[in-house]
Amino acid sequence: MSGEHHKELGFFRKYVFSVDHKVIGIQYGITALCFLFFGFCLIMMIRWQLAYPGEPMPLIGGLLERLMGAKWAEEFMPGGRMTPDFYNALGAMHGTIMIFLGVVPLLVGAFGNYVMPLQIGAPDMAFPKINMASYWCFAAGGVIMLSSFLVPGGAANSGWTSYPPLSAIAQPPAAGWPILFSGQTLWLVGMVALITSSLLGSVNFIVTIIQLRVKGLTMFRLPFFVWAQFVTSFLLLLAFPPLEAAGVLQLMDRVAGTSFFLPEGLVVSGQVAMVQGREIAGGGNPLLWQHLFWFLAHPEVYVLILPAMGIVAEIIANNTRKPLWGYRALVYSTVFLGFMSFIVWAHHMFMTGMGTSISAFFATTTMIISIPSVIILTALIISLYNGAIRFTTPMLFALAFLPMFAIGGLTGLPLGLPVSDIPLHDTYYVIGHFHYVVAPGTILAIFGGIYYWFPKITGRKMNDTLGRLHFVFTFICMNVVFMPMFFQGLAGVSRRLFDQTQYSWGAAVQGWTITSSWGAWMLGVAQIFFFINFFWSIWGGKKVSNNPWEATTIEWSAPSPPPHGNFATEPVVYRGPYEYSVPGMSKDFFPQTAVTEA
């Protein structure tokens, strides 16, 4: 606890190689926001190529040549024009960065690390050094991946799903360069590091939630955010090992002459396929990678969405001034959602020629998994009924999350049925569906969480006017970016096309492509409000009390910002997490740690 004496640590031990969950949470948050910004910059470059194919990129093309050198520019951006290989690399790295380096580390590494121990009254995580190792594995994995832009041949360009056999034979290292120095190989090494980070973190989260809850905090007195992190940790722990194994196996295919994913008789451009100058042994199965990848990647969707739902639930309960409707239903639905996420992965693989019986099984489980999602969304919407709603900045983002996630979920149902998925597969419809879950959905929840817990982290509040401007323009621009993708997909426009105007169906909807691109650029401009607000508020924001939102959960009973050990004395819990507007009380909130009304 904060009252205990502890040795004063030096700068590096306190802020760089820290074992304090709060510092590690901030490290995760700042690092992931930087990666998120970089990934967003990549997509803005992609949107230029799609909107104005073959035209020199203004400003950025010349800037990249000065930064990276003439040789690099000649290979990837000659005359400021993007090459097809560079376009593919930007697409692959954008998807990887936004999911594995941006959104997941923010939701789990940042929010989970900082908020979860506070919400259960713990002084720290169960294994602080493992927590530190988790962050540094994440940071190292990110640096390794981004360094691939600097090696000959550029970054990985086999798609963010890295399907073999292409990914196993693409981008051999340049002459004279070490065998590991190729974009796709560095992608695999970085991915192994990122998965290791998630495994270390998930074990820590599970043990912390089970073992370090304070007296009186039973499982059904946990805030819904903690339940979301708890289930998410099990998803990471159980789903990531198959992908880590797959990553190591594909790495061996690239550097050690194995053929785990390479079939016999593989011919490329009329010649027998070679890896490292040797003919491949063959005998592998490319579909094995798809099974191992999607066995992780579908639970990964819920690794993205469950913590976001947890954030939104906290904000809604606080700003409606009433308990969450159906708290136990929310918990049971979350647990069931986590279980079901492991038996739906092959709906991503209807195009692989699976039989009708097995495809019917995965279609059925996909429809079933939509039920708990609908229950959670419905409970959050019903929680708004008869609430004394406060339209704070966090609440605006939380309210916007609800219809955006609904659009993402509803548009995903046709992709879970073979009869509709086959014509829609690998079209812009899929991109629109997934991004409505991740961008207008999950990222809105992330922004809401930042505005909501910023006073706890810094002791200051972010500017409300700048926050509202940020919300309005972000919400509008996100829909301008992603809604046209449904129309493009239904028109038959394939994803990953370098220039869709060369096809009649692509040229017919080029207007939607240009609209979407301008929406992306305006979305980037809208984030200026957030950057100014965020950094200015750290030092110049209005100072607030320990509980500025008049919330009930345990973290708001700690000082802002929390000291070493988090709490002056160990808290004790007497009631559930959302005791708002209790009849007969003079105030509309009754904290979990209060013995009687203050």
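For the structure itself, consult the block above.
About the thresholds
- Residues numbered from 1 in each chain as written.
- Predicted model: local features only at pLDDT ≥ 70, side-chain atom pairs only at ≥ 80, totals over all residues.
- Heavy atoms only, no water.
- Helix = DSSP H or I, 4+ residues; strand = E, 2+ residues; numbered from the N terminus.
- Rg over C-alpha atoms; globule rule 2.2 N^0.38 Å.
- Buried < 20%, exposed > 50% of the residue type's maximum accessible area, 1.4 Å probe, protein only.
- Lys, Arg positive; Asp, Glu negative; His and termini not counted.
- Charge placed at Lys NZ, Arg CZ, Asp CG, Glu CD.
- Axes fitted to C-alpha atoms, helices over the stretch in contact; angles between N-to-C directions.
- Parallel < 35°, antiparallel > 145°, perpendicular 65-115°, else oblique.
- Left-handed = near helix turned anticlockwise from the far one by under 90°.
- Contact = heavy atoms within 4.5 Å.
- Nonpolar A, V, L, I, M, F, W, Y, C, P; charged D, E, K, R; others polar.
- Salt bridge = Lys/Arg side-chain N within 4 Å of Asp/Glu carboxyl O.
- Core = buried A, V, L, I, M, F, W, Y, C linked by side-chain atoms within 4.5 Å.
- Expected span 1.5 Å × (residues − 1).
- Polar contact = N/O pair within 3.5 Å; in protein donor to acceptor, adjacent residues only side chain to side chain.
- Patch = residues over 30% accessible without salt bridge, like charges linked within 9 Å, V, L, I, M, F, W, Y side chains within 5 Å.
- Areas by Shrake-Rupley, 256 points an atom, 1.4 Å probe, with all protein chains shown as cover.
- Disulfide = S-S within 2.5 Å.
- Phe/Tyr/Trp six-rings, centres within 6.5 Å; stacked < 30°, edge-to-face > 60°.
- Lys NZ or Arg CZ within 6 Å of the ring centre and 35° of its normal.
- Bend = angle between axes of the 7 residues up to and from the residue.

S.K.: Where do I start with the overall build of the chain in this structure?
M.R.: Looking only at helices and strands, the chain has 18 helices and 6 strands in total. Its C-alpha atoms give the chain a radius of gyration of 24 Å, within 12% of the compact-globule value 25 Å for 598 residues. Over its C-alpha atoms, taken along the principal directions, the chain stretches across nearly 80 × 50 × 50 Å. For the chain, buried positions account for 56% of its 598 residues. Counting 28 positive and 25 negative side-chain charges, the chain places the averaged centre of each group 11 Å from the other.

S.K.: Explain the environment of Cys 34 to me, please; I cannot follow it from the model alone.
M.R.: Mapped onto the elements, Cys 34 comes out in helix H2 (residues 21-51). Sequence separation between Cys 34 and Thr 378 is 344 residues, and the spatial gap between their C-alpha atoms is 34 Å.

S.K.: Help me understand the packing of helix H6 (residues 128-147) against helix H8 (residues 183-211), please; the structure alone is not making it clear to me.
M.R.: For any two helices packed against each other, the geometry comes down to the angle between their axes and how far apart the axes lie. As a packed pair, H6 and H8 sit with axes 8 Å apart at the nearest point and diverge in direction by 160°. On the basis of their axis angle, the class for H6 and H8 is roughly antiparallel. The hand of the H6/H8 crossing is left-handed. From H6, Ile 130, Asn 131, Ala 133, Ser 134, Cys 137, Phe 138, Gly 141, Gly 142, Ile 144, Met 145 and Ser 147 reach across to H8, where they touch Leu 186, Trp 187, Val 189, Gly 190, Met 191, Ala 193, Leu 194, Thr 196, Ser 197, Leu 200, Gly 201 and Asn 204. Residues that form the contact of H6 with H8 fall into these classes: 13 nonpolar, 10 polar and no charged.

S.K.: Would you take a moment to explain the pattern of salt bridges for this structure?
M.R.: It is possible for side chains bearing opposite charge to pair when their charged atoms get close. Applying the stated criterion to the full structure yields 6 salt bridges. A salt bridge links Asp 588 to Arg 321; its shortest N-O distance comes to 3.0 Å. One end of the pair, Asp 588, is in the segment after strand S6 (542-543); the other, Arg 321, is in the loop between helix H10 (286-320) and helix H11 (327-340), with 267 residues separating them in the sequence. With relative accessibility at 3%, the residue Arg 321 sits in the buried group. One network of salt bridges, in which partners are shared, links Arg 321, Glu 550 and Asp 588.

S.K.: Would you take a moment to explain the nonpolar core for this structure?
M.R.: Across soluble globular proteins, nonpolar side chains show a tendency to be buried alongside one another. Grouped together as the largest cluster of nonpolar side chains are 173 residues, with contacts concentrated most on Phe 86, Met 93, Leu 306 and Phe 401. Take this core: its biggest share by element is 21 residues, from helix H5 (residues 84-119). Not counting chain neighbours up to four residues away, the residues in contact with Phe 86 comprise Met 45, Trp 72, Phe 76, Met 77 and Phe 149. Ranked by size, the runner-up nonpolar core spans 6 residues in total, among them Ala 168, Leu 266, Ala 273 and Val 275.

S.K.: For this particular structure, what's the right way to read H2?
M.R.: Given 3.6 residues to a turn, an α-helix orients residues that are three or four positions apart in the same direction. The end-to-end C-alpha separation of H2 is 44 Å, in line with the 45 Å expected for 31 residues at 1.5 Å each. Of all 31 residues that make up H2, 23 are buried, and the element is covered over most of its length. Sitting at the amino-terminal end of H2 is Asp 20, which places a side-chain oxygen 2.9 Å from the backbone nitrogen of Lys 22.

S.K.: Help me understand the side chain of Thr 393, please; the structure alone is not making it clear to me.
M.R.: Looking at where Thr 393 falls in the secondary structure, it is placed in helix H13 (residues 393-412). Apart from the residues within four sequence positions on either side, Thr 393 is in contact with Tyr 451, Asp 464, Gly 467 and Arg 468.

S.K.: I tried to follow a nonpolar patch on the surface on my own but got confused; where do I start?
M.R.: Among the surface-exposed residues, Leu 59, Ile 60, Leu 63, Leu 67, Met 68 and Leu 150 lie close enough to one another that they form a single nonpolar patch of about 600 Å² accessible area. For Met 68, the location among the structural elements is in helix H3 (residues 60-68). Met 68 gets classed as partly exposed once you look at its relative accessible area, which sits at 30%.

S.K.: Can you walk me through the state of the cysteines in this structure?
M.R.: Here is the idea: a disulfide is a covalent bond, and it sits between the sulfur atoms of two cysteines. Inspection of every chain in the model, using the stated rule, returns 0 disulfides. Cys 34 carries a free sulfur, and the closest cysteine sulfur to it, the one in Cys 41, is 11 Å from it. Exposure remark for Cys 34: the relative accessible area of 48% places this residue in the partly exposed category. In this structure Cys 477 is a free cysteine whose sulfur lies 16 Å from that of Cys 41, the closest cysteine sulfur available. The buried category is assigned to Cys 477, whose relative accessible area is 10%.

S.K.: I tried to follow unusual backbone geometry on my own but got confused; where do I start?
M.R.: Where the residue is not glycine, phi is negative for most of them; where a peptide bond is considered, it is trans in most cases. Cis geometry marks the peptide bond from Pro 164 to Pro 165, where omega comes out at 5°. For Pro 165, the position within the fold is in the loop between H6 and helix H7 (166-169). Cis geometry marks the peptide bond from Ser 560 to Pro 561, where omega comes out at -5°. Summarising the element assignment, Pro 561 is placed in the segment after S6. Here the phi dihedral of Ser 162 falls at roughly 55°; this positive angle occurs in a residue that is not glycine. If you trace the backbone, Ser 162 turns up in the loop between H6 and H7.

S.K.: Quick question: what am I supposed to make of the packing of aromatic side chains here?
M.R.: Remark: the centre distance and the inter-plane angle together describe each pair of aromatic rings, the angle taken between the planes. In the structure shown here, the tally under the stated rule is 54 aromatic pairs. When the ring of Phe 361 is compared with that of Phe 362, the centres are 5.1 Å apart and the planes differ by 80°; the resulting orientation is edge-to-face. Judged by relative accessible area, Phe 362 falls into the buried class, the value being 6%. Of the aromatic side chains, those joined through ring pairs into one cluster are Phe 37, Phe 397, Phe 447, Tyr 451, Phe 454, Phe 471, Phe 475, Phe 530, Phe 531, Phe 534 and Phe 535. Cation over ring: Arg 328 sits above Phe 220, and NZ or CZ is 4.0 Å from the ring centre. Cation over ring: Arg 575 sits above Phe 590, and NZ or CZ is 3.7 Å from the ring centre.

S.K.: Honestly, H10 in this entry has me stumped. Any pointers?
M.R.: Spanning 35 residues, H10 covers 51 Å between terminal C-alpha atoms, matching the ideal 51 Å at 1.5 Å per step. Along H10, the helix axis deviates most sharply at Trp 294, where the bend reaches about 25°. Among the 35 residues in H10, 31 count as buried, and that is most of the element. Count one or two residues on from H10 and you reach Arg 321, which has phi positive near 60°.

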